[in-house]
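# Residue-level structural notes
The residues making up each chain are set out below.
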Amino acid sequence: MKKVGIEVSLAIAEAAKLARVEVVSAYPITPQTHIVEHLAELVADGELEAAYLNVESEHSALSACVGAAAAGARTFTSTSAQGLELMHEILFIASSLRLPIVMVLVNRALSAPLSIWGDHSDVMAARDCGWIMLFCENGQEAVDSVIMAYRIGEDRRVLLPVAVNIDGFTLSHVIEPVEFPDQELVDSFLPPYKPLFTLNPERPVTMGAYGMPEIYTEAKYAQEMAILNSKAVIKEVMEEFGKVFKRNYRVVETYNLENSELAFLALGSINENIKTAIDILKAKGTNVGLISLRLYRPFPSEELLEVLKNVKRLMVVERAMPQGATNSPLFNELSAFAFHNGLNIIMENYIAGLGGRDVDPQEFVNIALNPFKKDGKLNYKIIGVRE
Amino acid sequence: MKIFKTLERYMEKPDAEYIASGHRACQGCAEVLALRLAFKVLGKDTILAMATGCMEIISTPLPLTCWRLPWIHIAFENTAAVASGIESAIRILTQKGKLENKKINIVGIAGDGGTSDIGFQALSGALERGHRLIYICLDNEAYMNTGIQRSSSTPYGAFTTTSPPGKKSIGQSTWKKDMPKIAAAHNIPYVATACPSYPYDLFNKVKKAKEVNGPAYLHILSVCPTGWRIPSEMAIEYGRLAVRSGVFPLYEVENGVYRITFKPESLIPVKDYIKGQGRFRHLTDKEISEIQDRVNKDWERLTKLCEITKA
């Protein structure tokens, strides 16, 4: 297969086309726009046979996807930041109704101050909505993840919506080499969506009933089991993807971790900068590894435990503020995870890249060489902040 | 079955019931009656998207349901968006040959709050986009499901729990939002008002809504004995009084042409409609005459609209 240079947003739209999406419903917000613009072009040119809804808000974008998925269509949407927050109410309903919608979440900072640039404050505010959450480091991963997302979400053992996270601008707006799989191969990997139940007059069903106290807990328990059990399917799909398309993915990726007791852990495209820093450190004789969570929900506990077994010092880098919590969201979760698994790891919390702020690889070199010591004020270090 | 002779003009199976008995609506609920009648006209090939509200909570305590039609409830404010998604899915799946090619009625249903307040934006979007769907607003003139709070569709002077009359308050201090005309302003093919107290008028309008190619908006006055503080056996009567007094005129807007579909020989005094309702019992004669003036003016305007738009 030949690689082509293409803007990642356009590549994602092409991936949705390869997945043969049937209903696209979206509302424009920077930096998501290029994805939905290109999908509109593909539909307008007859290259993609899909219904394209220009809805009047993100709330309606996801609501229409829920309706369309319930009626049996393969649906796609995409948003960022404020748009995700406007959708927030419906995020929970999409997962509770077990509808395999795929959303590309182009991560962007939340207002205020208004910022169109990238960070993870949007996804962190929506991390526990019952959606499967994938994170991508580069354009190829984004393309492959969109295709895998449908296969995962539509699996009858799963039936859950999937969010594919890509960083706003630093990933969405860059031109990268991408290898597009053949349509025939995608078709064999991803068969048409065949839902168990749809809104069909021949077989009327009720969707979205209300739950009295006698049944609500059981309904939520069943849903929780579904997302927990989805991990096995996600791993299975990643493995099969590797066999079919010759690109291998794991739910937890590592870089240079084999002989390192010191490791970074982060989500998304910032990992590419961390890898550069790791190479610089290696050249200087310091061995540092990286742990990247490609899968964030369901939380990949066993896989993470496995890669953490030799780690003595873990530097967690996050693109989101704690907002009054003890630490940033992922760090808090990892702390609890380490405690309950009896891990004896020194953990440090770094916050970087807020609202699109560049983070030079040299910053990670500095972190690795100069561990953060709590100075009594903050439980974390904000890289490059001016006080 | 001779008894159904006249009904057969509007529906294939007059004796079909699409809402099973055993639902939990209040006695005398005209809202569930409106739906029961409307579905007889819509028939089996119908998909319902419903907002949170009375009709939703009376019908679907998990794992039970009283719907014999495919039905989905998602949230309060997005019924029109959900219906848009369903309509788009059915259209593309039919186009791709994945569904049998036949006409399916996509129906969005919400109360007056779910339509004129919180669902207003989603509705406007769906009407503007021109989806082939029928939107039914069941107007009982307040948030009855949550306990009779005022909406923008609550009439002037009415008591609600959030517009209580008092030393410094008349009750609801604003005039009812004119949703049918707002819907008509979207230049959609069909808009109509209806009331289950006039079942044949309702049948006729649902039938027209079903047949147009594009969005149709039906605004159905649904008397709520609980919220209006009237005896439950008076629901039908109060619907009639609302229409005969001109408080709730029955009309339709077909491709921009306004037509009053039930024209009383002369309007009865508004007082006859208001006087027996507990929600209006604090109103003075002066205040009632203020309402009468407004109703007269609105009626006159509607009559003029009919004349002006006539082909």
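Please refer to the structure placed before this passage.
In short, a report on the structure. Bear in mind the structure is a predicted one, so any value in this text is a computation, not a measurement.

## Observations regarding unusual backbone geometry
With omega at -5°, the peptide bond leading from A:Arg297 into A:Pro298 counts as cis. Mapped onto the fold, A:Pro298 is located in the loop between strand 13 (295–297) and helix 10 (301–308). Positive phi outside glycine occurs at B:Asn187, with the angle close to 55°. Mapped onto the fold, B:Asn187 is located in the loop between helix 6 (179–184) and strand 5 (190–194). Relative accessible area serves as the criterion here: at 70%, B:Asn187 is assigned to the exposed category.

## Points about the packing of aromatic side chains
Enumeration according to the criterion identifies 20 aromatic pairs over all chains in this entry. Seen in terms of ring centroids, B:Tyr135 and B:Tyr217 are 5.9 Å apart; in terms of plane orientation they differ by 10°. Their pairing is stacked. With a gap of 82 residues between them, B:Tyr135 in strand 4 (residues 134–139) and B:Tyr217 in strand 6 (residues 216–221) connect regions that are remote in the sequence. B:Tyr217 shares its class with B:Tyr135; the two are buried. The ring of A:Tyr255 carries the charged tip of A:Lys275 above its face, separated from the ring centre by 5.6 Å. The lysine or arginine in question, B:Lys177, covers the ring of B:Phe120, its NZ or CZ lying 4.3 Å from the ring centre.

## Here we look at the interface of chain A and chain B
Listed per partner, the contact involves 41 residues of chain A and 45 residues of chain B. At the boundary of chain A with chain B, total buried surface from both sides reaches about 3,200 Å², with 63% on carbon and sulfur atoms. Applying the counting rule to chain A against chain B returns 5 salt bridges. For A:Glu22, the salt bridge goes to B:Lys98, with nearest N and O atoms at 2.4 Å. Across the chain A-chain B interface, the total number found is 17 residue pairs in polar contact (both at pLDDT 80 or more). Put simply, the parts of the chain that give the side of chain A that touches chain B at least two residues each are strand 3 (51–54), helix 3 (58–70), helix 4 (81–96), strand 9 (206–207) and helix 8 (213–245) of chain A. Considering every element that reaches the side of chain A that touches chain B, the biggest residue donor is helix 3 of chain A, with 8 residues. Residue classes in the side of chain A that touches chain B are distributed as 24 nonpolar, 11 polar and 6 charged.

## A short note on the nonpolar core
Grouped together as the largest cluster of nonpolar side chains are 149 residues, with contacts concentrated most on A:Phe76, A:Trp131, A:Ile291, A:Leu293, A:Leu304, A:Leu314 and B:Ile86. Per element, the largest residue contribution to this core is 9 residues, and it comes from helix 3 (residues 79–95) of chain B. Taken domain by domain, this core gets at least three of its residues from each of domain 1 (2–245) and domain 2 (254–382) of chain A. Setting aside residues no more than four positions away along its own chain, A:Phe76 makes contact with A:Ile12, A:Ala16, A:Val21, A:Val23, A:Val24, A:Ser25, A:Ile35, A:Leu39, A:Cys65, A:Val102, A:Val104 and A:Tyr150.

The rules behind each value
- Residues numbered from 1 in each chain as written.
- Chains lettered and ligands numbered in written order.
- Predicted model: local features only at pLDDT ≥ 70, side-chain atom pairs only at ≥ 80, totals over all residues.
- Heavy atoms only, no water.
- Helix = DSSP H or I, 4+ residues; strand = E, 2+ residues; numbered from the N terminus.
- Buried < 20%, exposed > 50% of the residue type's maximum accessible area, 1.4 Å probe, protein only.
- Phe/Tyr/Trp six-rings, centres within 6.5 Å; stacked < 30°, edge-to-face > 60°.
- Lys NZ or Arg CZ within 6 Å of the ring centre and 35° of its normal.
- Contact = heavy atoms within 4.5 Å.
- Buried area = accessible area lost by both parts, 1.4 Å probe.
- Salt bridge = Lys/Arg side-chain N within 4 Å of Asp/Glu carboxyl O.
- Polar contact = N/O pair within 3.5 Å; in protein donor to acceptor, adjacent residues only side chain to side chain.
- Nonpolar A, V, L, I, M, F, W, Y, C, P; charged D, E, K, R; others polar.
- Core = buried A, V, L, I, M, F, W, Y, C linked by side-chain atoms within 4.5 Å.
- Domains from an automatic or database assignment.

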